[in-house]
Amino acid sequence: MDELNPGALRALRRSILLRIHVWATLIATPFALLAIGSGLVYLFSPQIEQARHGHLLQVSQAKRPMLALDQLIAQAESALPQGHWRLQNLRIPQAADESLQIRFKNPHQHGQHHPEHPSAETLSVYLDPYTGKTLGTLDEAERFTPWAADLHAHLLQGDGWRWMIELGASWLLVMLLSGVILWWPARWNRATLSPAGKQGRAAWRAWHGLLGASLAAISAVILLTGLTWSKYGGENVRYLVQKSGQAGKRIPAGLQSASPAAASGARISWQAALEAARRHAPPTALQLSAPGAQKPYWHVRNADANAAQHKFELALDAGDGSRLYYSGWQEMSAFSQATAVGIPFHRGEFGWWNQALLLLFALGLLFSLLSGWVMLWLRWRKTGGSFFNSILPPLPDGAWSALPGWAWLSALLLPLIAPLLLPSALLPAALEYRQAHLAPD
């Protein structure tokens, strides 16, 4: 490529990037539509939960203090049938108008059951923490949020279908990166960027580039955070994070309560455990779990998803409530801090502004896909001919060899976080090879 002038070299590189961009659009579209639709269903889970279960979640603010936890637990247990229910954990509110949630587990699924939830495995009892009044019970499987999360992650088909959403996110990432690189040289050219005065395909192209670039930062956050907990890409990310020393801190395996009281089998009350937790924990809603065989200590963690900087893990001695382990925001790695903010943002858990941005992202992505297909259709209507001659943009001879080294390096590194790119790229690669080498003159 040394003999080519800079303008000709840029044109060759642009042609191959545009070809990759179109291939990414063709592959990603059906999976992206599934992800967008299911994501929008999940996005408004808080409003749907409030409409369905608001009478369980909210209480009147009271000037009196909360009743003792042990008294509230006894009240919750009276709302359950006798038999196989085991207390799992408590969600203790920070806000004055939130109810107390006490979650019970029924591992055996036989004997007496709650008449309103005969098949429940996990049943939550909601109480007014100031009066002790039972507000109601709820089978966790009946909640809208976990159903919507399962729809978005698995299409309600189990873990074996996670690849579909991951595949869409992987090719959307390729579409985003190639699109931004294509748009970048014209970023200061108002005549190129503005749709004003343009018609037909030129207007669609201007809107497509302008909106896609405007939402690029949000798009990158959504795609990358989604891939961190995907099946295949997530495994690679977790491996890389572990090897780089950026893994989040955890309560050490085998941690034991060390007090003489714990050694004799004694345990402080729930109320005493809460008071000990409040002395160490940041001001946020708490999830409190009692000592058990797997964790022989009181386990406390943040129960408020939108309070990222209050995320923590706390272990208290079962017998005297002394602190055994604590890890908070300051102890988290940079990667853990980033995901502590990025994942709740992906889920829309920071409030209405977060939901509004994600709605804008979803609508913008829909427009990007729609406008891309409109431009392909307009090209086909104008040129006619075969798939390679009309739908895909033209590819001059030598375009592939014109790509710079960083582009090939990116092609090798990108599958580390999006491994489904490799198998799904085999078909377009085979078609490109056939077109270049086997097509008749």
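Everything that follows concerns the structure shown earlier in this document.
Going along each chain's sequence as written, the residues are numbered from 1 onward. Residues qualify for local features only when their pLDDT is at least 70, as the model is predicted, and side-chain atom pairs are given and counted only at 80 or more; totals for whole chains, interfaces and linings, by contrast, use all residues. Processing note: side-chain calculations cover all non-hydrogen atoms of the structure and skip hydrogens and water entirely.

Q: Hey, could you run me through unusual backbone geometry in this one?
A: For residues besides glycine, phi is generally negative; the peptide bonds are generally trans as well. The backbone of L155 shows a phi angle near 55°, a positive value even though the residue is not glycine. For the purposes of this entry, the term helix denotes a DSSP run of H or I that reaches at least four residues, the term strand denotes a run of E that reaches at least two, and both are numbered from the N terminus. Within the fold, L155 resides in the loop between α4 (144–154) and α5 (162–183).

Q: Even after reading the chapter, I still don't get helix α1 (residues 6–43), so can you show me in this structure?
A: What sets the pattern is the α-helix's 3.6 residues per turn: residues three or four places apart point alike. Helix span, expected: 1.5 Å multiplied by one less than the number of residues in the helix. Here α1 is 38 residues long, yet its end C-alpha atoms lie only 47 Å apart, well below the 56 Å a rise of 1.5 Å per residue gives. Of all the bends in α1, the greatest, near 50°, is centred on T29, and the proline P30 appears no more than four residues after it. To obtain the bend at a residue, axes are fitted to the seven residues ending there and to the seven starting there, and the angle between these axes is taken.

Q: Looking at this structure, I do not really get the sheet that holds strand β2 (residues 100–105). What am I missing?
A: For sheets, the rule is that strands pair by backbone hydrogen bonds, running either parallel or antiparallel. Note on pairing: two strands pair once DSSP finds at least 2 bridges between them. Taken together, eight strands build an open sheet; the order of strands is β4-β3-β2-β1-β5-β6-β7-β8 and the sheet is antiparallel. The open sheet has two edge strands, β4 (134–139) and β8 (323–327), and neither has a second partner. Taking the axes of each pair of neighbouring strands and ignoring which way they run, one obtains an average angle of 20° across the sheet. Relative to β2, strand β1 (residues 86–92) is paired through five bridges, and the arrangement is antiparallel. Angles run from 0 to 180 degrees between N-to-C directions of axes, and those axes are lines fitted to C-alpha atoms, restricted for helices to the stretch in contact.

Q: Could you clarify how one ought to interpret the packing of helix α2 (residues 45–57) against α4 in this entry?
A: Between two packed helices, the angle of one axis relative to the other and the distance separating the axes together describe the packing. One can describe the packing of α2 onto α4 by two numbers: an axis separation of 9 Å at closest approach and a directional angle of 150°. By the angle between their axes, α2 is roughly antiparallel relative to α4. For the pair α2 and α4, the crossing hand works out as right-handed. On α4, the residues that touch S45, I48, E49 and R52 of α2 are F144, T145, P146 and A148. Looking at the contact of α2 with α4 residue by residue, the class counts come to four nonpolar, two polar and two charged. Here the word oblique covers every angle except those under 35 degrees (roughly parallel), over 145 (roughly antiparallel) and from 65 to 115 (roughly perpendicular). Crossings are assigned a handedness: left-handed for a near helix turned anticlockwise from the far helix by less than a right angle, right-handed for a clockwise turn. Throughout, a residue-residue contact means that at least one pair of heavy atoms, one from each residue, lies within 4.5 Å. Gly is put with the polar residues, along with every residue not named as nonpolar or charged; the nonpolar set is Ala, Val, Leu, Ile, Met, Phe, Trp, Tyr, Cys and Pro, and the charged set is Asp, Glu, Lys and Arg.

Q: Is there a simple way to explain the pattern of salt bridges in this structure?
A: Pairing is possible between side chains that carry opposite charge, provided their charged atoms lie close to one another. Each reported salt bridge corresponds to a side-chain nitrogen of Lys or Arg within 4 Å of a carboxyl oxygen of Asp or Glu. For the structure on display, the rule yields six salt bridges. One salt bridge in this structure joins R103 and E140, with 3.5 Å as the shortest N-O distance. Remark: E140 occurs in the loop between β4 and α4 and R103 occurs in strand β2; sequence separation between them is 37 residues. Of the charged contacts, one joins R143 and E140 as a salt bridge, the two residues approaching to 4.0 Å between their closest N and O atoms. Here R143 matches E140 in class, with each residue buried. What emerges from the salt-bridge pattern is a single network uniting E49, R103, E140 and R143. Think of it in three bands: with a 1.4 Å probe and only protein chains considered, a residue is buried below 20% of the maximum accessible area for its type, exposed above 50%, and partly exposed in between.

These values are about where atoms sit, not about what they do.
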